[in-house]
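Structural overview
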There are 2 protein chains.
Amino acid sequence: LSNFLKRIIVALILGTLVVTALFIHPILLYIISLIWIALATIEFLHILSLKQIYINRFFIILLNLAIPTIFYFNGSRLIYVGLLFIVFIYSLYKQEQYYLVVPFSLFAIFYLGVLPSHLLFLKVWVRTHGLSSFIVLFPVLFTWLNDTAAYGVGSWIGQHKLASKISPNKTIEGFIGSIIVSVLFSAIYLRAILPHISAFAMVIIGLILSVAAQIGDLVESGFKRSVGIKDSSGILPGHGGFLDRVDSLLFTAPIFYYILLYFIAW
Amino acid sequence: LSNFLKRIIVALILGTLVVTALFIHPILLYIISLIWIALATIEFLHILSLKQIYINRFFIILLNLAIPTIFYFNGSRLIYVGLLFIVFIYSLYKQEQYYLVVPFSLFAIFYLGVLPSHLLFLKVWVRTHGLSSFIVLFPVLFTWLNDTAAYGVGSWIGQHKLASKISPNKTIEGFIGSIIVSVLFSAIYLRAILPHISAFAMVIIGLILSVAAQIGDLVESGFKRSVGIKDSSGILPGHGGFLDRVDSLLFTAPIFYYILLYFIAW
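Residues numbered from 1 in each chain as written. Chains lettered and ligands numbered in written order. Predicted model: local features only at pLDDT ≥ 70, side-chain atom pairs only at ≥ 80, totals over all residues. Heavy atoms only, no water.

1. Some points on the overall build of chain A
Across its full length, chain A holds 10 helices and 0 strands. Beginning at the N terminus, the succession of helices and strands in chain A can be written as α-α-α-α-α-α-α-α-α-α. A compact globule built from 266 residues should have a C-alpha radius of gyration of about 18 Å, and chain A, at 19 Å, falls within 12% of that. Across its three principal directions, the C-alpha atoms of chain A cover 55 × 45 × 35 Å. Within chain A, the proportion of its 266 residues that are buried is 51%. Pairs at least 24 apart in sequence give 70% of the contacts found in chain A among residues at least 6 apart. Here chain A displays about 12300 Å² of accessible surface, and carbon together with sulfur accounts for 71% of that area. (Helix = DSSP H or I, 4+ residues; strand = E, 2+ residues; numbered from the N terminus. Rg over C-alpha atoms; globule rule 2.2 N^0.38 Å. Buried < 20%, exposed > 50% of the residue type's maximum accessible area, 1.4 Å probe, protein only. Contact = heavy atoms within 4.5 Å. Areas by Shrake-Rupley, 256 points an atom, 1.4 Å probe, with all protein chains shown as cover.)

2. Side note on the interface of chain A and chain B
With 31 residues of chain A at the contact, the number on the chain B side is 31 residues. Summed over both sides, the interface between chain A and chain B buries roughly 2600 Å², with carbon and sulfur atoms accounting for 83% of that surface. On the chain A side of the interface with chain B, the three residues burying the most area are A:Leu92, A:Tyr93 and A:Tyr99, jointly 24% of the side's total. Applying the counting rule to chain A against chain B returns 0 salt bridges. The tally of links from chain A across to chain B stands at 2 residue pairs in polar contact (both at pLDDT 80 or more). Mapped onto the side of chain A that touches chain B, the elements with two or more residues apiece are α4 (77–94), α5 (98–128), α8 (199–227) and α10 (249–263) of chain A. With 9 residues, α5(A) is the single largest residue contributor to the side of chain A that touches chain B. Across the side of chain A that touches chain B, the residue classes break down as 26 nonpolar, 2 polar and 3 charged. (Buried area = accessible area lost by both parts, 1.4 Å probe. Salt bridge = Lys/Arg side-chain N within 4 Å of Asp/Glu carboxyl O. Polar contact = N/O pair within 3.5 Å; in protein donor to acceptor, adjacent residues only side chain to side chain. Nonpolar A, V, L, I, M, F, W, Y, C, P; charged D, E, K, R; others polar.)

3. Observations regarding unusual backbone geometry
With phi around 60°, A:Gln52 is a residue other than glycine that occupies positive phi space. Summarising the element assignment, A:Gln52 is placed in the loop between α2 (26–49) and α3 (57–72).

4. Digging into the environment of A:Ile37
If you trace the backbone, A:Ile37 turns up in helix α2. Beyond its immediate stretch of four places on either side in the chain, A:Ile37 contacts A:Asn64, A:Leu65, A:Pro68, A:Leu112, A:Gly113, A:Pro116 and A:Ser117.

5. Here we look at helix α6 (residues 134–157) of chain A
Note on helix geometry: an α-helix contains 3.6 residues per turn, so any two residues three or four positions apart are oriented the same way. In this model α6(A) runs 33 Å from its N-terminal to its C-terminal C-alpha over 24 residues, within 8% of the 34 Å that 1.5 Å per residue would give. Where α6(A) is buried, its residues meet α1 (3–23), α5, α7 (172–193), α8 and α10 of chain A. (Expected span 1.5 Å × (residues − 1).)

6. Structural notes on helix α8 (residues 199–227) of chain B
Here α8(B) is 29 residues long and its end C-alpha atoms lie 43 Å apart, about the 42 Å a rise of 1.5 Å per residue gives. Where α8(B) terminates, the next one or two residues include B:Gly228, which has phi positive at roughly 90°.

7. Some words on the side chain of B:Asn146
Its location among the elements puts B:Asn146 in helix α6 (residues 134–157). When residues no more than four places from it in sequence are discounted, the contact partners of B:Asn146 are B:Ser178, B:Ser182, B:Ser210, B:Ala213 and B:Gln214.

8. A short note on the side chain of B:Asp247
Of note, B:Asp247 is situated in the loop between α9 (242–246) and α10 (249–263). If we skip the residues at most four places from it in the chain, B:Asp247 touches B:Gly216, B:Asp217 and B:Glu220.

9. Here's the deal with the pattern of salt bridges
Side chains that differ in sign of charge can pair as their charged atoms come close. All names here are of chain A. Overall, the coordinates contain 6 salt bridges over all chains when judged by the stated rule. With a shortest N-O distance of 2.7 Å, Lys224 and Asp244 are connected by a salt bridge. Of this pair, Lys224 sits in helix α8 while Asp244 sits in helix α9 (residues 242–246), and the two are 20 residues apart along the sequence. One connected set of salt bridges, linked through shared partners, spans Glu220, Lys224 and Asp244.

10. Side note on the relation of the copies chain A and chain B
Least-squares fitting of chain A to chain B yields an RMSD of 0.0 Å, with the transformation described by 0.0 Å of translation along the axis and a rotation of 180°. What the rotation and shift describe, once combined, is the action of a two-fold rotation axis. Across chain A, the smallest distance between a C-alpha and the rotation axis is recorded for A:Pro103, namely 3.0 Å. The share of interface residues of chain A whose copies in chain B are also at the interface is 100%, consistent with both copies meeting through the same surface. (Least-squares fit on C-alpha atoms with pLDDT ≥ 70 in both.)

11. Digging into the packing of aromatic side chains
The description of an aromatic ring pair uses the distance of the two centres, along with the angle that the planes make with each other. Tallied over the full model, the rule gives 47 aromatic pairs over all chains. A centroid spacing of 5.6 Å and a plane angle of 90° characterise the contact between A:Tyr30 and A:Phe73, whose relative ring orientation is edge-to-face. On the criterion of sequence distance, the pair formed by A:Tyr30 in helix α2 and A:Phe73 in the loop between α3 and α4 is long-range, its members being 43 residues apart. Overall, the relative accessible area of 51% leaves A:Phe73 in the exposed class. Residues A:Tyr98 and B:Phe223 carry aromatic rings whose centres are separated by 5.7 Å and whose planes lie at 70° to one another, so their mutual orientation is edge-to-face. Of this pair, A:Tyr98 sits in helix α5 while B:Phe223 sits in helix α8, on two different chains. For A:Tyr98, a relative accessible area of 2% gives the class buried. For B:Phe223, a relative accessible area of 1% translates into the label buried. (Phe/Tyr/Trp six-rings, centres within 6.5 Å; stacked < 30°, edge-to-face > 60°.)

Structure (structure tokens):
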């Protein structure tokens, strides 16, 4: 199979799986979140290990999976605080590089536990309020389209590098092009699913999410570049690593969730 | 002046200042919080620099001072999110050790921006609800007493080391002794200021806060030990560094605040 064909097949399988999970009972999205979080966490800890930063993989995966789990089963947040304390006391006694372990553990929990859980938060919130699952699909579709537009416009007319040191293929033209495409998409899509939102708000949402998606991508690229690698792993044929596929969504899903909760009156 | 006398004088000056700030208008506690946060942040960034971790001092102090400031003046949290984005994009373009800068910056913001601001949150909450300022004094007095009891009991009958690698002077006897003293203190003090709380709750609060205070101390000691120093600085005559004085309060103030908000019915 050619690389291009592999890429298409993997994209179709993952895409179908994710879209299905967004539309049926939240339990499927919960299970997919567990897999997504575990894989991305493993890749991230691998990236850190390239710089001799060793974090207890078992504990961080446990803590990251505990976030959607406690949320999904309505567990008390105190359970989580207790888990955190156990891990940090353990680290205090067992681990050498304490000054590295604590900040990197907390960062890994925030970046690959808290952020990815927001898609599930969104799903449950939408369901609880009897709203359309197309709302949950929005950040996913948006992020995919935004990434594609940045790549497409960049390949087509890109001349000026956006961040040559971190991500040599990104261009300013791609950046601006993806904002335009994303704003248009937001306006059309949100008009259909949330008709009472003003056109101005739709444009702003598109703009914020497009910038956030591209920053999410750059942040992950920044990590990879500064440790000297290009892909987070080779797990997905034709796509590079798992974290590479979700880096933008890590930023867009939470931001969309909070915009929806705090700025859009129901 | 002998070291002991210096220690007493500094303690009296700081103690008077802090207790005054807790009882009068919140603006004074806000100003003291700014000073406290700035000094502790500078010391922490210095500790990191001993391991060649260089974080932009200006940005982190700005972000840490922004937390109590935005809170105090009822600013939008969006201002803060905007500030964060600016800093991380700046880091992406300007800083070499990106994989270190991002997690350590976020940790420094959490540890020395978010946590210390909780004393001000508590003060404002107490004032808004027309409650006694003695509630705000509680975590401060508690933490000071707990530290003193751990040291006193440890010196008196301490035989077994608690965490010999991290903090060689701490003993298991001091740990248990301070829990007993703290639980008794909680019961007496809280009975006077919050009489409707059950005796059981008072004991639990004392227990949780005593353990939290000692963990807070160990966490900071863990940082110092793993970079090879004993005091966070020599700024306070007879007391070592500033961070050394507040390490326990960083944990007890937020925990007490959340216990009060979420577990005690008013």
